[in-house]
Amino acid sequence: MALLPVLCYPDPRLHRIAKPVAAVDARIKKIVADMADTMYEAPGVGLAATQVDIHERIVVIDISDNQDELMVFINPELVWASPETKSWREGCLSVPEYYDEVERPDSIRVKALDINGKQFELEADGLLSVCLQHEMDHLQGKVFVEYLSPLKRNRISLKMKKRIKELVGQR
């Protein structure tokens, strides 16, 4: 499989809204496999296709300790969210080395297609709920730092731009 380059905030491509997947075919299965390899290599617990400049509704998640329980969500939709919320410290492969508190619904229910194109529903709470909401935000063109104050968001944006400039200068 291949490792895919991960877009870094504030890249404008992170704000593109992903289109639904028309059919789960060999091309989509290859994208899923490449996304999983990219997520594991990073290492991360979730990755949305938007983050690798593929603007289709695909999410991979693995919150297991051994990174051996890959979950695939194609065309995920939020069916229900609890009124109770919880604050979690979130990070993002598109915003490396930055973490902050984000408040989200404590539990959710989503429906999606699996890697074989079969529809399923899943109730999630805890870390899985947070990961799903975080990755589904990416599919809507939203990065977790947009939940933060404008001051924090601006500071992060400037740090990321500086980091990208430094990385380009090292090449």
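Residues numbered from 1 in each chain as written. Predicted model: local features only at pLDDT ≥ 70, side-chain atom pairs only at ≥ 80, totals over all residues. Heavy atoms only, no water.

Asks: Would you mind going over the sheet that holds strand β2 (residues 58-61) in detail, with residue names and values included?
Replies: Pairing is antiparallel in the open sheet, where 5 strands are placed in the order β1-β2-β3-β6-β7. Looking at which strands have only one partner, the edges of the open sheet turn out to be β1 (46-48) and β7 (119-125). Recorded for the sheet is a direction-independent mean angle of 40° between the axes of neighbouring strands. Lying on the sheet, helix α1 (residues 26-41) is in contact with β1, β2 and β3 (71-81); it crosses β2 at an angle near 40°. (Pairing = 2+ DSSP bridges. Helix = DSSP H or I, 4+ residues; strand = E, 2+ residues; numbered from the N terminus. Axes fitted to C-alpha atoms, helices over the stretch in contact; angles between N-to-C directions. Contact = heavy atoms within 4.5 Å.)

Asks: Can you lay out the pairing of strand β4 (residues 85-92) for me, pointing to particular residues and giving the numbers?
Replies: Where β4 lies against strand β5 (residues 95-105), 7 bridges are found, and the strand directions are antiparallel. In the sheet register, T85 faces β5, and the bridge partner there is P105. Linkage of β4 to β5, two consecutive antiparallel strands, is achieved through a turn of 2 residues.

Asks: Explain the side chain of R104 to me, and be specific about the residues and the numbers.
Replies: Residue position: R104 is located in strand β5. R104 sits in the buried class, given a relative accessible area of 3%. A polar contact of 2.9 Å, which involves the side chain of R104, links it to the side chain of D137. In this structure R104 touches E84, T85, K86, E90, V130, Q133, H134, D137, F144 and Y147, once residues within four positions along its chain are discounted. (Buried < 20%, exposed > 50% of the residue type's maximum accessible area, 1.4 Å probe, protein only. Polar contact = N/O pair within 3.5 Å; in protein donor to acceptor, adjacent residues only side chain to side chain.)

Asks: Give a description of the packing of aromatic side chains that names residues and reports values.
Replies: Evaluation of the coordinates by the stated rule reveals 1 aromatic pair. Taking 5.6 Å as the distance between ring centres and 50° as the angle between the ring planes, the aromatic pair formed by F73 and F120 counts as tilted. Taken as a pair, F73 in strand β3 and F120 in strand β7 lie far apart in primary sequence, 47 residues in all. What makes F120 partly exposed here is its relative accessible area of 25%. Here the guanidinium or amino end of K142 rests over the ring plane of Y147, the centre of that ring lying 4.0 Å away. (Phe/Tyr/Trp six-rings, centres within 6.5 Å; stacked < 30°, edge-to-face > 60°. Lys NZ or Arg CZ within 6 Å of the ring centre and 35° of its normal.)

Asks: Outline α1, listing residues and values.
Replies: Residue pairs spaced three or four apart in an α-helix point in one direction, given the helix's 3.6 residues per turn. Between its terminal C-alpha atoms α1 stretches 22 Å, which fits the 22 Å expected from 16 residues at 1.5 Å a residue. For α1, the complete set of buried residues consists of I28, I31, V32, D34, M35, A36, T38 and M39. Looking at the packing, one finds that the buried side of α1 touches β1, β2 and β3. Where α1 starts, the residue carrying a side-chain oxygen 3.2 Å from the main-chain nitrogen of R27 turns out to be D25. (Expected span 1.5 Å × (residues − 1).)

Asks: Would you mind going over a nonpolar patch on the surface in detail, with residue names and values included?
Replies: Together, V45, I63 and L127 make up a nonpolar patch on the protein surface, roughly 200 Å² of accessible area in all. Along the chain, V45 turns up in the loop between α1 and β1. (Patch = residues over 30% accessible without salt bridge, like charges linked within 9 Å, V, L, I, M, F, W, Y side chains within 5 Å. Areas by Shrake-Rupley, 256 points an atom, 1.4 Å probe, with all protein chains shown as cover. Salt bridge = Lys/Arg side-chain N within 4 Å of Asp/Glu carboxyl O.)

Asks: Can you break down the environment of T38 residue by residue, with the values?
Replies: Following the sequence through the fold, T38 ends up in helix α1. On the basis of relative accessibility, which here comes to 6%, the residue T38 falls in the buried class. Spatially, the C-alpha atom of T38 lies 20 Å from that of K142, the residues being 104 residues apart in sequence.

Asks: Talk me through the pattern of salt bridges; I want residue IDs and the actual numbers.
Replies: The full count for this structure, using the stated rule, is 9 salt bridges. For D53, the salt bridge is made with R13, and the minimal N-O distance between the two is 3.1 Å. Of the two residues, D53 sits in the loop between β1 and β2 while R13 sits in the segment before α1, which places them 40 residues apart along the sequence. Note on D53: relative accessible area 31%, which makes it partly exposed. The class of R13 is partly exposed, set by a relative accessible area of 35%. Two residues, K30 and D34, come together in a salt bridge whose shortest N-O distance is 2.8 Å. Highlighted residues: K30 and D34, both in helix α1, separated by 4 residues, approximately one helical turn. For D34, a relative accessible area of 7% translates into the label buried. Because the salt bridges share partners, they merge into one network encompassing D11, R13 and D53.

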